[in-house]
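Examination of the molecular architecture
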Amino acid sequence: MTSLIAIGAAIAALTGIGAGIGIGIATSKAVEAIARQPEAEGKISKALLLGCALAEATAIYGFVIGLLIIIVLG
Amino acid sequence: MSIKGGSETGNLSSTLMEELENKTVFTIPVFGGIPVAESVVVTWVIMAVLVVLSLILVRNLSVENPSRKQLLLETGISFLQNFFQDILGEEGKRYIPYLMTTVIYIGIANIAGVFGFTPPTKDLNVTIGLAVMSIVLIEYAGFHKRGAKGFLKSFMEPVPIMLPINILEIAIRPTSLCMRLFGNVLGSFVVMKLLEFICPAVLPIPFSLYFDVFDGFIQAYVFVFLTSLFIKEAIE
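Residues numbered from 1 in each chain as written. Chains lettered and ligands numbered in written order. Predicted model: local features only at pLDDT ≥ 70, side-chain atom pairs only at ≥ 80, totals over all residues. Heavy atoms only, no water.

**Things to note about the overall build of chain B**
From N to C terminus, chain B includes seven helices and two strands. Helices (α) and strands (β) of chain B occur, in sequence order from the N terminus, as α-β-β-α-α-α-α-α-α. Here chain B holds 236 residues, and the buried ones make up 38% of them. In chain B, the share of contacts with a sequence separation of at least 24, taken over all contacts with a separation of at least 6, comes to 64%. By element, 71% of the accessible surface of chain B is carried by carbon and sulfur atoms, the whole surface being about 13,700 Å². Computed over 16 positive and 19 negative side-chain charges, the inter-centroid distance for chain B is 6 Å. (Helix = DSSP H or I, 4+ residues; strand = E, 2+ residues; numbered from the N terminus. Buried < 20%, exposed > 50% of the residue type's maximum accessible area, 1.4 Å probe, protein only. Contact = heavy atoms within 4.5 Å. Areas by Shrake-Rupley, 256 points an atom, 1.4 Å probe, with all protein chains shown as cover. Lys, Arg positive; Asp, Glu negative; His and termini not counted. Charge placed at Lys NZ, Arg CZ, Asp CG, Glu CD.)

**Quick word on the pairing of strand β1 (residues 24–28) of chain B**
Residues and elements named next belong to chain B. In the sheet, β1 pairs with strand β2 (residues 34–37) via four bridges, with the strands oriented antiparallel. By the bridge assignment, I28 is partnered in β2 with I34. Connecting the antiparallel pair β1 and β2 is a turn made up of five residues, with F31 showing a positive phi of about 50 degrees. (Pairing = 2+ DSSP bridges.)

**Thoughts on the confidence of the model for chain B**
As a general rule, the predicted coordinates of low-pLDDT regions are not to be interpreted in detail. Residue and element names in this part refer to chain B. In the predicted model, chain B carries a mean pLDDT of 83, and the fraction of residues at 70 or more is 94%. Averaged over each element, pLDDT in chain B is lowest for helix α1 (residues 7–20) (66) and highest for helix α4 (residues 96–110) (90). In this model, residues 1–6 is a region of pLDDT below 50 whose contacts with residues beyond four sequence positions or in other chains number seven contacts. Predicted complex, confidence summary: ipTM 0.73, pTM 0.82. (pLDDT = per-residue confidence, 0-100.)

**Some remarks on the pattern of salt bridges**
All names here are of chain B. Tallied over the entire structure, the rule returns five salt bridges over all chains. With a closest N to O distance of 3.5 Å, E169 and R173 form a salt bridge. You can see E169 and its partner R173 sitting in helix α6 (residues 163–198), four residues apart, about one turn around the helix. Assessed through its relative accessible area of 12%, R173 is described here as buried. Its salt-bridge partner being R173, residue E233 comes within 3.2 Å of it at the nearest N-O pair. With a gap of 60 residues between them, E233 in helix α7 (residues 204–235) and R173 in helix α6 connect regions that are remote in the sequence. The exposure class assigned to E233 is partly exposed, which follows from its relative accessible area of 45%. (Salt bridge = Lys/Arg side-chain N within 4 Å of Asp/Glu carboxyl O.)

**Digging into a nonpolar patch on the surface**
On the surface, a cluster of nonpolar side chains totalling about 850 Å² of accessible area is made up of B:V25, B:F26, B:I28, B:V30, B:F31, B:I34, B:V40, B:W44 and B:M47. In this fold, B:V25 is placed in strand β1. (Patch = residues over 30% accessible without salt bridge, like charges linked within 9 Å, V, L, I, M, F, W, Y side chains within 5 Å.)

**Structural notes on the packing of helix α3 (residues 41–73) of chain A against α7(B)**
Packing of α3(A) against α7(B) leaves a shortest axis separation of 10 Å and a crossing angle of 100 degrees. Classified by the angle between their axes, α3(A) and α7(B) sit roughly perpendicular to one another. Residues A:K46, A:L49, A:L50, A:A53, A:L54 and A:E56 of α3(A) pack against B:I218, B:Q219, B:Y221, B:V222, B:F225, B:L226 and B:L229 of α7(B). When the residues that make up the contact of α3(A) with α7(B) are grouped by side-chain class, the tally is ten nonpolar, one polar and two charged. (Axes fitted to C-alpha atoms, helices over the stretch in contact; angles between N-to-C directions. Parallel < 35°, antiparallel > 145°, perpendicular 65-115°, else oblique. Nonpolar A, V, L, I, M, F, W, Y, C, P; charged D, E, K, R; others polar.)

**Points about helix α1 (residues 2–12) of chain A**
Residues and elements named next belong to chain A. Listed as buried for α1 are I5, A9 and A12. Seen along its axis, α1 keeps its buried residues to an arc of 55 degrees; they face one direction. Across α1 from its buried face, at more than 90 degrees, point the exposed residues L4 and I11. For α1, the elements touching its buried residues are α2 (15–36) and α3. (Arc of directions from axis to C-beta.)

**Structural notes on the packing of α4(B) against α7(B)**
Packed helices, taken two at a time, are described by the angle between their axes plus the distance between the axes. Residues and elements named next belong to chain B. For the pair α4 and α7, the least separation of the axes is 8 Å and the interaxial angle reads 155 degrees. Classed by the angle they form, the pair α4 and α7 counts as roughly antiparallel. The chirality of how α4 crosses α7 is right-handed. Packed against α4, whose contacting residues are L99, T102, V103, I106, G107 and N110, the element α7 presents D212, G216, F217, Q219, A220, Y221, F223, V224, T227 and S228 at the interface. Taken together, the residues of the contact of α4 with α7 break down into eight nonpolar, seven polar and one charged. (Left-handed = near helix turned anticlockwise from the far one by under 90°.)

**What about the nonpolar core?**
Grouped together as the largest cluster of nonpolar side chains are 40 residues, with contacts concentrated most on B:F84, B:Y105, B:I106, B:L130 and B:I231. Listed by contribution, the elements that provide at least two residues to this core are α3 of chain A together with α2 (38–57), α3 (68–88), α4, α5 (124–153), α6 and α7 of chain B. Ranked by residue count, the leading element in this core is α7(B), at twelve residues. The contact partners of B:I231, leaving out residues within four places of it in the chain, are B:L88, B:Y95, B:L137, B:I138 and B:A141. With seven residues, the next largest nonpolar core counts A:I60, A:V64, B:L20 and B:V190 among its residues. (Core = buried A, V, L, I, M, F, W, Y, C linked by side-chain atoms within 4.5 Å.)

**Description of the interface of chain A and chain B**
Bring the parts together and some accessible area is lost; that lost area is often taken as the interface size. Facing 16 residues of chain A, the contacting portion of chain B comprises 23 residues. Contact between chain A and chain B buries roughly 1,600 Å² in total, counting both sides, with carbon and sulfur atoms accounting for 76%. It is A:K46, A:L49 and A:L50 that lose the most area in chain A upon contact with chain B, and together they represent 28% of the buried surface on that side. Between the two partners, chain A and chain B, sit zero salt bridges. (Buried area = accessible area lost by both parts, 1.4 Å probe.)

Structure representation (structure tokens):
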């Protein structure tokens with residue numbers, strides 16, 4: 001039973017994959033954009049930060065759910 | 001909580017579970033006892049510090065020869081002011097003081113771990129409270145701008161079929177706001193506790209800079225940024 005709970009929490013932690021890929025793509029595009037137009041850096045980094053926060057939210061939900069699985073079922 | 005494994009893992013998980021609990025500091029002995037959580041007490045400390053700081057910092061302000069302290073203060077305040085002004089525009093000016101207060105409170109609450117306090121935002125109840133305040137402000141802003149009829153009509157925009165999604169948004173927005181803040185702070189808290197467990201001496205310091213300071217400020221920024229974006233959307 002304990003190992004099943006651990007596996008369930010580990011599956012919930014897989015949400016990190018999506019956030020990682022998303023933030024990676026967003027950052028690479030932002031670097032490209034800054035290289036093309038260095039004067040727009042302020043606006044670009046503002047948008048990047050917002051996008052990263054939104055993309056990161058999925059990973060955070062996975063973390064919260066993993067923690068809930070461990071605390072409630074464990 | 002029972003984990004099979006070495007005594008080391010059992011020890012670690014029980015320590016972690018102990019840290020994750022929201023401790024009750026004391027109980028007010030009225031109405032059968034009102035428990036006062038640790039997050040509330042830390043919030044009181046933060047409030048006291050902010051009140052004292054704002055009393056000290058605004059003393060001896062002058063227009064002719066501003067001191068260095070006053071210049072720093074003005075730079076900081078006008079930075080925040082301009083930041084929100086850019087998002088909200090002229091009409092949303094009245095919501096700026098609330099947003100500034102929130103960002104200062106969340107920022108300090110998130111870095112409270114550096115000073116040895118438990119960050120209050122680690123308590124889900126605190127972040128729920130902040131998110132509820134945000135959604136009430138957002139809906140109030142829409143109501144204030146459009147009036148009762150326009151406010152109800154705004155749920156039918158852009159097309160009437162969006163009505164259920166727009167109503168769901170009232171619940172989804174604060175949930176996502178509070179879960180994001182709570183999850184980030186709790187996540188960094190857990191990682192810091194694990195690091196301290198493995199190596200209590202030098203190792204946690206650089207990680208603390210990232211997880212406590214950088215991530216804490218980013219999350220405070222994101223929270224008010226999203227709130228102000230939603231307000232802007234409501235008053236547009």
